Amino acid sequence: MRLVTGGIMHETHTFATVPTTLECFSVVRGDELWAYAGTNHSLGGVLDTCRERDIELVPTFFAHAAPSGLVERVAFASLLDELVTRIEAALPADGIVLTLHGAMVADGYLDAEAEIVRRVRAVAGPEVPLAVTLDLHANIGPEMVTGSTIVVGYDTYPHVDAAERAREAVALLAATIEGRIRPVLALVKPPLLPVPQAMYTERPPMKTLFERAFALERAGTALSITIAGGFPYADVPIAGMSVLAITDGDPAGAEQVASELATLAWSLRDQFRVQNVPPEQAVAEAIGFPEGPVVLVDVGDNIGGGSPGDGTVLLGELLAQGAQEATVVITDPEAVAAAFAAGVGGIVETHVGGKTDGLHGPPVPIRGRVRLLCDGEFVHEGPENAGVPASMGPTAVVRVEGINLVLTSRKTAPGDLQQLKSVGIDPTRQKIIVVKAAVRWRGGYAPITKHSIDVDTPGLGSVDLSRFPLQHLRRPIYPLDEVVEPQYVRWTGSSTG
Ligand SMILES: [Zn+2]
């Protein structure tokens, strides 16, 4: 068996003010993709399972960028052209595996994944089985599903099963190629637009949904079930929750499973609402808590959701309230440069953060001693993305009153303890840690956290969706609108005929 693999991953916040350019993407080509082998990444799962199953795999092209603003038209065109050209050059193949995110929006392409699948189909032809892996925050639309033979999304958030789900996708693809199954897909979308914070899979309502889905999978009612919470900050018609069921040649059965779970999600809609604590109250509570670490979740500046990572509201509040042994990470290349100019042991006096868009608090004046300067490179210890390298760019640790201020050149979503350990900070010894996240932080931090507070900070990650000028989203949708008669989007079909 011979498979071809490649992909493009991006989660697009269409209200972010800074567009995503070609330079924002990290790209690997051909055999460079093997660097992902052994990692807890979707691509890692594809590589490892093909190796173990003695499947000949041709890696072609993989590009990804940190969640950020609308992808520029030329950037998308360039990436997609290269992906398609390289896949075409690797054909013929028995099957294709695409590693996608599912919430990518490019200028002119409200459903970028649909365009990727359409273009790959165009060169591969209608007969070649095509498997797609997606993030749990995918906004799944009928167009993308139409061109796909298999679609498998993560079952976890934090996304600790990325490699495992890719293995599942390859197993289903292989079974299709060998003629053991004839996959039929049913997609049902309830009118639900939950925020990421409500999608933590260790708690209801997502836990409730996945427990039912796993029971149906175990019973053999469906070959695979994907429940994607969606990404509400991508203003597209298909934004919001999706349930996708795959059965073996049974369209009615697939529809039945997807409908049951979509109806269950709708019945749990009130549990998807969240309410966060005002910053002043949250910081006071953290300071007063008898143990540490207390994690203050800067939800408004959720880097994993596309925000700039330079929000200052909690830094300002921690300084104002005289917090001790608190750690805050802020992305600010200018401030990093000032710290490098001062040198280790030197005093740096500058303004940090709040420089990208004016949505996440103003720059905060600081004066502190430079404790450490480094290149900001680390490797994820996991569980999420275990083994995958990360780069914060040139990084400085500055001690400002009672605060360990980590200044990075590149925004880096928190969720892995190596981010702090690699700059000499022992997370377990901090009284307060600010994480610019919604849920992802729990992957690394949950085991050491004594208490956490979701803070109602302003910004692109705000859980109040009415703050965003939505134009393309289908309406009515809960909780933005009052929905009297829920309308479900439905699609059922099979690419294998
Ligand atoms: Zn995600």
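Please refer to the structure placed before this passage.
Remember, it's a predicted structure, so these values are computed and weren't measured experimentally. One numbering rule holds for all chains: residues counted from 1, following each sequence as written. Selection of residues for local features in this predicted model requires a pLDDT of at least 70, selection of side-chain atom pairs for listing and counting requires 80 or more, and totals for whole chains, interfaces and linings are taken over all residues. Hydrogens and water are ignored here; the side-chain numbers use all heavy atoms of the structure.

A. Up close: the pattern of salt bridges. One side-chain nitrogen of Lys or Arg within 4 Å of one carboxyl oxygen of Asp or Glu is enough to make a salt bridge. Inspection of the entire model under this criterion finds 24 salt bridges. For D155, the salt bridge identified is with R165, shortest N-O distance 3.5 Å. Linking D155 in the loop between strand 6 (150–153) and helix 5 (162–177) with R165 in helix 5, this pair joins segments that are ten residues apart in sequence. As far as the burial class goes, D155 and R165 line up, both buried. The partner of D456 in a salt bridge is R467, with the nearest N and O atoms 3.8 Å apart. Pair noted here: D456 is in the loop between strand 19 (451–455) and strand 20 (489–493) and R467 is in the loop between strand 19 and strand 20, with a separation of eleven residues, a long-range link. Relative accessible area decides the class of each residue, using a 1.4 Å probe on protein chains only: under 20% of the type maximum gives buried, over 50% gives exposed, and in between gives partly exposed. Exposure remark for R467: the relative accessible area of 44% places this residue in the partly exposed category. Each helix corresponds to a stretch of at least 4 residues labelled H or I by DSSP, and each strand to a stretch of at least 2 residues labelled E; elements are numbered beginning at the N terminus.

B. Fine view of the coordination of the zinc ion. Coordinating donors are taken to be N, O and S atoms lying within 2.8 Å of the metal, or within 3.2 Å when the metal is Na, K or Ca; because water is excluded from the atom set, some sites may appear incomplete. Of the protein atoms, only D135 (OD), H137 (ND1) and H159 (NE2) coordinate the zinc ion, at distances of 2.1 to 2.2 Å. Spacing between the donor residues of the zinc ion along the chain follows D-x1-H-x21-H. With a gap of 24 residues between them, D135 in the loop between strand 5 (130–134) and helix 4 (142–146) and H159 in the loop between strand 6 and helix 5 connect regions that are remote in the sequence. The buried category is assigned to H159, whose relative accessible area is 8%.

C. The sheet that holds strand 4 (residues 95–100), seen in detail. One bridge is not enough; two strands pair if DSSP finds at least two bridges between them. Within the open sheet, the six strands sit side by side as 2-3-1-4-5-6. Their pairing is mixed. Bordering the open sheet on either side are strand 2 (26–29) and strand 6, each of which pairs with just one other strand. Strand-to-strand twist of the sheet, defined as the mean angle between neighbouring strand axes without regard to direction, takes the value 15°. Two elements, strand 5 and strand 6, share four bridges in a ladder whose sense is parallel. From the neighbouring strand, A131 faces strand 6, where its bridge partner is I150. Packing against the sheet, helix 3 (residues 112–124) makes contact with strand 1 (2–9), strand 4 and strand 5, and its axis sits at approximately 160° to strand 4. Here the axes come from fitting lines to C-alpha atoms, over the contacting stretch only for helices, and the angles between their N-to-C directions go from 0 to 180 degrees. What makes two residues a contact is simply this: any of their non-hydrogen atoms within 4.5 Å.

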